[in-house]
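Next come the chains, spelled out residue by residue.
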Amino acid sequence: MRLSYTSEMEKGLQQRHGVSYAEYESSLDKCLQIERERTKEHDACNQLVQSIQSHTSS
């Protein structure tokens, strides 16, 4: 999969996951690992938002 990427994406991958975009793109295992981590973080954030919304709407 070829994606165009920005310097911000490169910086984010380095800071959050410790890999360069070239590493991410060339290693399927690393790519899948990072995407699993992103999915977990996304789900956790969604749960937090739902929790906050349920407390504020009561």
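Please refer to the structure higher up on the page.
A. Layout of the overall build of the protein chain. Each helix and strand in the protein chain was counted, giving three helices and zero strands. Order of helices (α) and strands (β) in the protein chain, N terminus to C terminus: α-α-α. Its C-alpha atoms give the protein chain a radius of gyration of 15 Å, clearly above 10 Å, the size a compact globule of 58 residues would have. Reported as C-alpha extents along the three principal axes, the dimensions of the protein chain are approximately 50 × 25 × 20 Å. Looking at the protein chain as a whole, 14% of its 58 residues are labelled buried. Of the roughly 4,900 Å² of accessible surface on the protein chain, 53% is carried by carbon and sulfur atoms.

B. Spatial organisation of the packing of helix α1 (residues 7-17) against helix α3 (residues 28-56). Taken N-terminus to C-terminus, the directions of α1 and α3 make an angle of 80°; their axes are 12 Å apart at the nearest point. It follows that α1 is roughly perpendicular to α3 by the angle criterion. Contact with α1, carried on its side by Leu13, Arg16 and His17, involves Ile34, Glu37, Arg38 and Glu41 of α3 and no other residues of that element. In terms of residue class, the contact of α1 with α3 is built from two nonpolar, one polar and four charged.

C. Main features of the packing of aromatic side chains. With the rule as written, the count across this model stands at one aromatic pair. When the centroid spacing of 5.8 Å and the interplanar angle of 40° are considered together, the rings of Tyr21 and Tyr24 count as tilted. Of this pair, Tyr21 and Tyr24 both sit in helix α2 (residues 21-26), three residues apart, which is roughly one turn of the helix. Pair check on accessibility: Tyr21 and Tyr24 agree, each one buried.

D. The side chain of His17, seen in detail. Residue placement: His17 occurs in helix α1. Setting aside chain neighbours within four positions, we find His17 in contact with Gly12, Ile34, Glu37 and Arg38.

E. Looking closely at the state of the cysteines. Here the structure, examined in full by the defined rule, presents zero disulfides. Free of any disulfide, Cys45 has its nearest neighbouring cysteine sulfur in Cys31, separated by 20 Å.

Rules of the game
- Residues numbered from 1 in each chain as written.
- Predicted model: local features only at pLDDT ≥ 70, side-chain atom pairs only at ≥ 80, totals over all residues.
- Heavy atoms only, no water.
- Helix = DSSP H or I, 4+ residues; strand = E, 2+ residues; numbered from the N terminus.
- Rg over C-alpha atoms; globule rule 2.2 N^0.38 Å.
- Buried < 20%, exposed > 50% of the residue type's maximum accessible area, 1.4 Å probe, protein only.
- Areas by Shrake-Rupley, 256 points an atom, 1.4 Å probe, with all protein chains shown as cover.
- Axes fitted to C-alpha atoms, helices over the stretch in contact; angles between N-to-C directions.
- Parallel < 35°, antiparallel > 145°, perpendicular 65-115°, else oblique.
- Contact = heavy atoms within 4.5 Å.
- Nonpolar A, V, L, I, M, F, W, Y, C, P; charged D, E, K, R; others polar.
- Phe/Tyr/Trp six-rings, centres within 6.5 Å; stacked < 30°, edge-to-face > 60°.
- Disulfide = S-S within 2.5 Å.

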